[in-house]
Amino acid sequence: VLEAQGPGPVGEADALLTRRPGLLLAVRTADCVPVLVASPQGVAAIHAGWRGVAARVVPAAVAAPGGASAAVAAVGPAIGGAVYEVGPEVHGAVNPDAPV
């Protein structure tokens, strides 16, 4: 999770956040899930691919601007299981306690 202080590239990460009103954030996704979170403390734009989900990027980005109190989220479109298969390594990384 990287914090944007002003306009322009911030760096490479799976989530960007800002506490600056009016600052636009964006992430690019293909078959991964875009998640936008807003709270009174700030906003976050999250690229939730399987590696990021396994690394808990969504909770980290939600917690970063001051916690999840009064936060709202929008989850964008993503590829579905009917057209996208994953192997046991992905299943195990995302849900280590579930049987394969």
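Up top you'll find the structure we're talking about.
Residues numbered from 1 in each chain as written. Predicted model: local features only at pLDDT ≥ 70, side-chain atom pairs only at ≥ 80, totals over all residues. Heavy atoms only, no water.

Caption draft 1: Focus on the layout of surface pockets. One number sums up the size of the largest pocket: a volume of about 300 Å³. Every residue lining the largest pocket is counted, 17 residues in all, and those nearest its centre are Asp-31, Cys-32, Gly-49, Trp-50 and Tyr-84. For the lining of the largest pocket, the leading source of residues is helix α1 (residues 50–54), giving four residues. For the second largest pocket, the calculated volume is near 220 Å³. Gly-11, Glu-12, Ala-13, Asp-14, Leu-16, Ala-26, Val-27, Arg-28 and His-47 are the residues that line the second largest pocket. For the lining of the second largest pocket, the class distribution of residues is four nonpolar, two polar and three charged. (1 Å grid on protein atoms, 1.4 Å probe; cavity = no way out; pocket = protein on both sides within 12 Å on 5 of 7 lines; lining within 4 Å. Points joined across faces, edges and corners; volume = space filled by probe spheres on them. Helix = DSSP H or I, 4+ residues; strand = E, 2+ residues; numbered from the N terminus. Nonpolar A, V, L, I, M, F, W, Y, C, P; charged D, E, K, R; others polar.)

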